[in-house]
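Descriptive structure summary
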Amino acid sequence: MPITRDQFADAVVDDGAPREFAEPLATLISEFFDGRNSSLADGVERALNRKLRDFADWVAEIAPTGVWDAA
């Protein structure tokens with residue numbers, strides 16, 4: 001369940017942090033999760049010079065090779 005910025009700040013204070021720390025942290029966190037950074041860019045795709053792929057697909061392909069098996 002989402003919480004408000006103020007609820008987050010209060011929880012940080014309740015966990016022992018000073019209010020002077022909790023307030024700026026709450027602002028930073030709220031700006032990080034407010035959706036302004038939710039758009040994707042193509043920088044990684046251009047750097048790799050290939051289409052991106054889902055991490056789960058990569059793991060499913062690589063796991064059977066045994067690369068993570070204990071030595």
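Residues numbered from 1 in each chain as written. Predicted model: local features only at pLDDT ≥ 70, side-chain atom pairs only at ≥ 80, totals over all residues. Heavy atoms only, no water.

**Concerning the nonpolar core**
For clarity, the threshold we go by: Think of a nonpolar core as a cluster: buried Ala, Val, Leu, Ile, Met, Phe, Trp, Tyr and Cys residues, connected wherever their side-chain atoms sit within 4.5 Å. Relative accessibility under 20% of the residue-type maximum defines a buried residue, over 50% an exposed one, and the middle range a partly exposed one, all with a 1.4 Å probe and only protein chains included. In what follows, residue pairs with any heavy atoms lying within 4.5 Å of each other are defined as contacts.
Listed in full, the five residues of the largest apolar core are Ala-9, Val-12, Ala-17, Ala-22 and Ala-26. Those residues in contact with Val-12 that sit more than four places away from it in its chain are Ala-17, Phe-21, Ala-22 and Leu-25.

**Brief notes about the confidence of the model for the chain**
Filter applied, for reference: Confidence scores per residue from the predictor, reported as pLDDT, run from 0 to 100. Helix and strand assignments follow DSSP, with helices taken as H or I runs no shorter than four residues and strands as E runs no shorter than two, numbered in order from the N terminus.
On average, the chain scores 91 in pLDDT, and the residues at 70 or more come to 99%. Averaged pLDDT values over the elements of the chain bottom out at 92 in helix α3 (residues 43-48) and peak at 97 in helix α1 (residues 5-14).

**Some details on the environment of Gln-7**
Along the chain, the position of Gln-7 falls in helix α1. Sequence-wise, Gln-7 and Leu-28 are 21 residues apart; in three dimensions their C-alpha atoms are separated by 14 Å.

**Describing the packing of α1 against helix α2 (residues 19-32)**
Inclusion rule: Axes here mean lines fitted to C-alpha atoms, for a helix over just the part in contact, with angles spanning 0 to 180 degrees between N-to-C directions. In this scheme the handedness of a crossing depends on how the near helix is turned from the far one: anticlockwise by less than a right angle means left-handed, clockwise means right-handed. Gly is placed with the polar residues, together with every amino acid not listed as nonpolar (Ala, Val, Leu, Ile, Met, Phe, Trp, Tyr, Cys and Pro) or charged (Asp, Glu, Lys and Arg).
For the pair α1 and α2, the least separation of the axes is 8 Å and the interaxial angle reads 140°. In this structure, α1 meets α2 at a crossing whose hand is right-handed. From α1, Arg-5, Phe-8, Ala-9, Asp-10, Val-12 and Val-13 reach across to α2, where they touch Arg-19, Phe-21, Ala-22, Glu-23, Leu-25, Ala-26, Thr-27, Ile-29 and Ser-30. Among the residues forming the contact of α1 with α2, the class breakdown is nine nonpolar, two polar and four charged.

**Quick look at unusual backbone geometry**
Even without a glycine there, the phi angle at Asn-49 is positive, about 60°. Secondary-structure assignment places Asn-49 in the loop between α3 and α4 (55-62). Judged by relative accessible area, Asn-49 falls into the exposed class, the value being 70%.

**Notes on the environment of Gly-35**
Mapped onto the secondary structure, Gly-35 falls in the loop between α2 and α3. Along the sequence, Gly-35 and Ala-22 sit 13 residues apart, while their C-alpha atoms lie 21 Å from each other.

**Overview of the pattern of salt bridges**
Definition in use: A side-chain nitrogen of Lys or Arg and a carboxyl oxygen of Asp or Glu constitute a salt bridge if their distance falls within 4 Å.
Counted under the stated rule, the structure contains eight salt bridges. One salt bridge in this structure joins Lys-51 and Glu-45, with 3.5 Å as the shortest N-O distance. Among the residues examined, Lys-51 registers a relative accessible area of 64% and is labelled exposed. Across the pair Arg-53 and Glu-61 runs a salt bridge whose closest N-O atoms are separated by 2.7 Å.

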